[in-house]
Amino acid sequence: MAKGALAKNYWTLLILILAGVVLGGFIGQLTADIPALSWLNYGRTFGLSSPLVLDLGILVLTFGLTIKITIAGIIGIVLAIIIYRLI
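### Things to note about the overall build of the protein chain
And step 1. Across its full length, the protein chain holds two helices and four strands.
And step 2. Along its sequence from the N terminus, the protein chain presents helices and strands in the succession α-β-β-β-β-α.
And step 3. With respect to the three principal axes, the spread of C-alpha positions in the protein chain is 55 × 45 × 15 Å.
And step 4. Here the protein chain holds 87 residues, and 13% of them are scored as buried.
And step 5. Here the contacts in the protein chain between residues at least 6 apart in sequence split such that 51% fall between residues at least 24 apart.

Right, dumping it as structure tokens:
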């Protein structure tokens, strides 16, 4: 397999995984209020609870990152990998 084709496959996998995370998170948010499907929105949040501020006088930088991993997001990642294998 050529180097360009191999790199293209990794980019395809990355795009599919990101799409799976986004769609899984969206489905988790939609089902949060439905009692039978609320378990899809169960998960943990990692990151900074409040942003980190660096004040340099004339420049103020604000850093913040929060990642929420839910059951629906994990299902989305697994489906993305399965779809990648089928392509």
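### Structural notes on the environment of Lys68
And step 1. Mapped onto the secondary structure, Lys68 falls in strand E4 (residues 66-70).
And step 2. A relative accessible area of 44% means that Lys68 is categorised as partly exposed.
And step 3. Taking the C-alpha atoms as reference points, Lys68 and Trp39, separated by 29 residues in sequence, lie 14 Å from one another.
And step 4. With residues near it in sequence (within four places) discarded, Lys68 still touches Gln29, Asn41, Arg44 and Thr45.

### Comments concerning the pairing of strand E2 (residues 52-55)
And step 1. Taken together, the four bridges between E2 and strand E3 (residues 60-63) define a ladder with antiparallel strand orientation. Bridged to Val53 within E3 is Thr62.
And step 2. Counting the residues in the hairpin turn of E2 and E3 gives four residues, including Gly57, whose phi is positive at 90°.

### Describing the confidence of the model for the protein chain
In low-pLDDT segments, the atomic positions of the prediction should not be examined closely.
And step 1. Averaged over all residues, the pLDDT of the protein chain is 88; the fraction at 70 or higher stands at 91%.
And step 2. Between the elements of the protein chain, mean pLDDT differs from a low of 84, seen in helix H1 (residues 3-30), to a high of 94, seen in E3.

### Some details on the side chain of Thr70
And step 1. Structurally, Thr70 is set in strand E4.
And step 2. Aside from chain neighbours lying at most four places away, what touches Thr70 is Leu40, Asn41, Tyr42 and Gly43.

### Describing the environment of Arg85
And step 1. Relative to the helices and strands, Arg85 is located in helix H2 (residues 71-86).
And step 2. Taking relative accessible area as the criterion, Arg85 reaches 70% and is therefore assigned exposed.
And step 3. Expressed as a C-alpha distance, the spacing of Arg85 and Leu13, which sit 72 residues apart in the sequence, is 9.1 Å.

### Observations concerning the environment of Tyr10
And step 1. Here Tyr10 shows up in helix H1.
And step 2. Between the alpha carbons of Tyr10 and Gly24 there is a distance of 21 Å; along the sequence they are 14 residues apart.

### Let's talk about H2
And step 1. Here H2 contains 16 residues, and its C-alpha end-to-end distance of 23 Å stays within 8% of the 22 Å for a straight helix at 1.5 Å per residue.
And step 2. Of all the positions in H2, only Ala72, Gly73, Gly76 and Ala80 are classed as buried. Seen from one end, H2 has its buried residues packed into an arc of 95°, which puts them on one side. Relative to its buried face, H2 has exposed residues pointing more than 90 degrees away, namely Arg85 and Leu86.

What counts and how
Residues numbered from 1 in each chain as written. Predicted model: local features only at pLDDT ≥ 70, side-chain atom pairs only at ≥ 80, totals over all residues. Heavy atoms only, no water. Helix = DSSP H or I, 4+ residues; strand = E, 2+ residues; numbered from the N terminus. Buried < 20%, exposed > 50% of the residue type's maximum accessible area, 1.4 Å probe, protein only. Contact = heavy atoms within 4.5 Å. Pairing = 2+ DSSP bridges. pLDDT = per-residue confidence, 0-100. Expected span 1.5 Å × (residues − 1). Arc of directions from axis to C-beta.

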